[in-house]
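Observations on chain architecture
Each chain, written out:
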Amino acid sequence: MSARRLVAGLALASIALTGTACEGSSGSTSKPSKGSKSKTSAKGKTGKAGKQTAKIGQEARDGKFAFTVTKVKPGVRKVGSGILAEKPQGEFVLVAVTVKNIGDEAQMFIDSEQKGVDSGGKEYTPSTEAGVVLNDKTQAFLSDINPGNSVKGLLAFDVPKGTRLTSLELHDSAFSGGVTVSLAP
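Reading the values: the criteria
- Residues numbered from 1 in each chain as written.
- Predicted model: local features only at pLDDT ≥ 70, side-chain atom pairs only at ≥ 80, totals over all residues.
- Heavy atoms only, no water.
- Buried < 20%, exposed > 50% of the residue type's maximum accessible area, 1.4 Å probe, protein only.
- Helix = DSSP H or I, 4+ residues; strand = E, 2+ residues; numbered from the N terminus.
- Pairing = 2+ DSSP bridges.
- Salt bridge = Lys/Arg side-chain N within 4 Å of Asp/Glu carboxyl O.

As recorded in an unreviewed UniProt entry, the chain goes by the name DUF4352 domain-containing protein, listed as coming from Actinomadura fulvescens.

Rendered as structure tokens:
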């Protein structure tokens, strides 16, 4: 097992053990913590199920987070270099995103809770291993974001060659309703 896979595995194990629903000190998961209500809003048109749809460059809100997708780069065949290089099964679609904590307490952004959707409705989750390589200097997705702070990072979706993602469904936690961002030009 490579060092990067070990680090990614430990990070995922830590996330799984702490859980996003157990934000309070009591450990109770029956009631969401203050400020974690899933309010879905964005500046844009309404998509399916009444959700708001934002576009690239527009802010989209879900719960404690305000997301802004700034760039999409499809067709990436490798990220990193040397022993830290990650190759996809197909190809990566890299999505640059800024995540701002608009809540009242620190919260962790978890890449595996995000979804990329293609024109056929197929859903893809980001590669955590590629995300560790891409975000090694920013620590965007493996640390808490304090209220009022924001982080920038890259999500790497491993999709079949030639696949174009048409939208993202972004979540502040596993239990939030999510907000849709259209990737159409």
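Having seen it, we continue.
Taken across its six residues, strand β12 (residues 165-170) has five buried, putting it largely inside the fold. Strand direction decides the pairing type here: strand β8 (residues 115-118) and β12, joined by four bridges, are antiparallel. The residue of β12 that forms the bridge with K115 is E169. As judged from the four bridges shared by β12 and strand β13 (residues 179-182), these two strands associate in the antiparallel manner. The residue bridging S167 from the neighbouring strand is S182, located in β13.

Per the stated rule, a full pass over the model turns up four salt bridges. For R61, the salt bridge identified is with E59, shortest N-O distance 2.7 Å. For E59, a relative accessible area of 28% translates into the label partly exposed. Linking E91 and R77 is a salt bridge whose minimum nitrogen-to-oxygen distance equals 3.3 Å. With E91 in strand β6 (residues 91-101) and R77 in the loop between β5 (65-76) and β6, this residue pair connects regions lying 14 residues apart in the sequence.

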